[in-house]
Amino acid sequence: MSAVTARDEQSGQEFAFGDKDFRFLSATIYEKTGIVLKDHKKNMVYSRLARRLRELRLNRFSDYCALLKSREGADEVGFLINAITTNLTKFFRETHHFDHLKEVVLPEVSHLAASTGQNRLRIWSAGCSSGEEPYSIAMTLTQAMPRLKTWDARILASDLDTTMVARGKAGIYPASSIADLPAGYRNRFFGKAPGAGDSFQVADGVRDLIAFKKLNLLGPWPMRGPFDAIFCRNVMIYFDEPTKAKLIDRFCDMLRPGGWLYIGHSETLLDVQSQFELKGRTVYRRKG
């Protein structure tokens, strides 16, 4: 029977997927990304990887686990990570963060620049997915800072998923993705994407502010910082407490004293020892 038509007789699923297979895949994901996959995620893992098994013409998940263990497995890990990681985002998601950036952080940075003589601004979108978050940051800067071109302003956008990084770098989105943006934003910051049907591309001036990079948050960080603000939203919910605590410490080291950290609506830093103080709804400031 082919991989496409075979059915696991006990479960009725297309591919046999045992607890041993799930435990191996969970351990691999945790080792490579720090993401914790609890037992209730087994069906999600199956649905995300079934297509990959078809592409590889494999009959069961144990075959896929064997591939990951083989010499060729290193090349397959990237496909595994891309399939498992969740990418749910939209422009100006959790709007209050961008309001805070505009009303508090940017005036503060401008004040610091006036005292130091250095018009420098650095923001990191850690877990940028397909780019909507860093582009929302870039649009906020452009709107709020009329003399932005006189600044050394850069946004780092990083993600573990190479497919998402490529999509973000291209900056091309369907019309439905920008439909809820104010008309002024759509007209100023987007144009028809060449040869992409009913799609729109972010304007060059906005795209030029951002560097998209693949980055594993658990691996080495080649950038030096310091950053004025870091957006890491709806990422830490996938980590266990030790991994989360280490990541928070590393974010602290990357921020200037008094720098800002934005996290997701269902996340908190109150359950880990940190050098941050809560300053608003999911808005934290580095102490000192």
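From a predicted model like this one, the values you see are computed outputs, not experimental measurements. (Residues numbered from 1 in each chain as written. Predicted model: local features only at pLDDT ≥ 70, side-chain atom pairs only at ≥ 80, totals over all residues. Heavy atoms only, no water.)

A.B. asks: Mind showing me how you'd approach the overall build of the protein here?
C.D. replies: The helix and strand tally for the protein stands at eleven helices and ten strands. On the principal axes, the C-alpha backbone points of the protein span a range of 70 × 50 × 30 Å. With 288 residues in all, the protein has 49% of them scored as buried. Considering only contacts within the protein whose residues lie at least 6 apart along the sequence, 72% involve residues at least 24 apart. (Helix = DSSP H or I, 4+ residues; strand = E, 2+ residues; numbered from the N terminus. Buried < 20%, exposed > 50% of the residue type's maximum accessible area, 1.4 Å probe, protein only. Contact = heavy atoms within 4.5 Å.)

A.B. asks: When you look at the environment of Ser47 in this model, what are you seeing that I'm missing?
C.D. replies: By secondary structure assignment, the location of Ser47 is in helix α2 (residues 42-56). With 37 residues separating them along the chain, Ser47 and Ile84 place their C-alpha atoms 9.6 Å apart. Here Met44 takes part through its backbone oxygen, which lies 2.9 Å from a polar atom of the side chain of Ser47. (Polar contact = N/O pair within 3.5 Å; in protein donor to acceptor, adjacent residues only side chain to side chain.)

A.B. asks: What is the right way to look at the sheet that holds strand β1 (residues 120-126) in this model?
C.D. replies: Backbone-to-backbone hydrogen bonds join strands into a sheet, with any given pair of strands oriented parallel or antiparallel. Taken together, the seven strands give an open sheet; going across it, the order is β6-β2-β1-β7-β8-β10-β9, and neighbouring strands pair in mixed fashion. Either end of the sheet is taken by a strand with one partner, and the two such strands are β6 (210-214) and β9 (276-280). The mean angle between the axes of side-by-side strands here comes to 20 degrees, regardless of whether they run parallel or antiparallel. Of the strands in this sheet, β2 (152-159) and β6 are in contact with helix α7 (residues 162-170), which crosses β6 at around 165 degrees. Across the sheet, helix α11 (residues 241-254) lies against β1, β7 (227-232), β8 (255-263), β9 and β10 (283-286), angled at about 135 degrees from β8, the strand it touches most. (Pairing = 2+ DSSP bridges. Axes fitted to C-alpha atoms, helices over the stretch in contact; angles between N-to-C directions.)

A.B. asks: Teacher, can you tell me more about helix α5 (residues 95-116) here?
C.D. replies: For the α-helix, the turn length of 3.6 residues means that residues three or four positions removed from each other point alike. The end-to-end C-alpha separation of α5 is 31 Å, in line with the 32 Å expected for 22 residues at 1.5 Å each. At Leu101, α5 shows its maximal bend, which comes to roughly 35 degrees. Listed as buried for α5 are His96, His97, Phe98, His100, Leu101, Val105, Leu106, Glu108, Val109 and Ala113. On its buried side, α5 packs onto β1, α6 (132-144), β7, β8 and β10. Looking one or two residues beyond α5, the residue adopting positive phi is Gly117, at roughly 80 degrees. (Expected span 1.5 Å × (residues − 1). Bend = angle between axes of the 7 residues up to and from the residue.)

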